[in-house]
Amino acid sequence: GGLVRITAQCANGMAERIEIENYPSFVAHRGVTVDVPEVGAVQASIAYGGMWYCIVDAESVGLRLHPEEGKSIVRKGEMIKVACREQWPVNHPSFDYPGVDILAFTAPPTRPGVSARNAVVMSNG
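Read on for an overview of the structure. These figures come from a predicted structure and were not determined experimentally. (Residues numbered from 1 in each chain as written. Predicted model: local features only at pLDDT ≥ 70, side-chain atom pairs only at ≥ 80, totals over all residues. Heavy atoms only, no water.)

So, on to a nonpolar patch on the surface. On the surface, a cluster of nonpolar side chains totalling about 490 Å² of accessible area is made up of Val 4, Ile 6, Ile 18, Ile 20 and Tyr 23. With respect to the helices and strands, the residue Ile 20 is situated in strand E2 (residues 14-21). For Ile 20, a relative accessible area of 57% corresponds to the exposed category. (Patch = residues over 30% accessible without salt bridge, like charges linked within 9 Å, V, L, I, M, F, W, Y side chains within 5 Å. Areas by Shrake-Rupley, 256 points an atom, 1.4 Å probe, with all protein chains shown as cover. Salt bridge = Lys/Arg side-chain N within 4 Å of Asp/Glu carboxyl O. Helix = DSSP H or I, 4+ residues; strand = E, 2+ residues; numbered from the N terminus. Buried < 20%, exposed > 50% of the residue type's maximum accessible area, 1.4 Å probe, protein only.)

Pasting the structure below:
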């Protein structure tokens, strides 16, 4: 952890260019199976990118990532995240930061010029 360096070039009170130097991101586990009550076996990857992410294909658990699915996205996301944290514990190699603390559902794009869609489930507290 520590400070993240950010440099902004401004003109007329507006930022014209912003640079950020973040910490390295990496994959801890790719394509692992997480057994989730009421959902079943879920394929997931676990990665660090400032926080620990459990990454799951939305369609694989019956989700399309449409706004009307919000309640189901949050419910399944929390269940998968908790099971992932219990079954695939991770900790950052350079400092004490255990995970998983965020779930990211991924989905294919629905319009041209977009590479993907996602929904992120974060816990309160």
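This next bit is on the pattern of salt bridges. With the rule as written, the count across this model stands at five salt bridges. For Arg 17, the salt bridge is made with Glu 19, and the minimal N-O distance between the two is 2.8 Å. For Arg 17, a relative accessible area of 46% corresponds to the partly exposed category. Relative accessible area serves as the criterion here: at 40%, Glu 19 is assigned to the partly exposed category. Arg 64 is the partner of Glu 69 in a salt bridge, and the nearest nitrogen-oxygen pair spans 3.5 Å. Taking the relative accessible area as the measure of exposure, Glu 69 reaches 11% and is therefore buried. On the basis of relative accessible area, Arg 64 is assigned to the partly exposed category, the value being 44%. Look at the salt bridges and you will find they share partners, linking Arg 64, Glu 68 and Glu 69 into a network.

Before going further, it helps to spend a moment on the nonpolar core. Counting 27 residues, the largest nonpolar core has Cys 54, Val 56, Ile 80 and Phe 105 as its most contacted members. Of all elements in the fold, only strand E3 (26-36), strand E4 (40-48), strand E5 (52-57), helix H1 (70-87), strand E8 (102-107) and strand E9 (117-122) reach the threshold of two or more residues within this core. The leading source of residues in this core is H1, at five residues. Setting aside residues no more than four positions away along its own chain, Val 56 makes contact with Val 42, Gln 43, Ala 44, Val 61, Ile 80, Leu 103, Ala 104, Phe 105 and Thr 106. (Core = buried A, V, L, I, M, F, W, Y, C linked by side-chain atoms within 4.5 Å. Contact = heavy atoms within 4.5 Å.)

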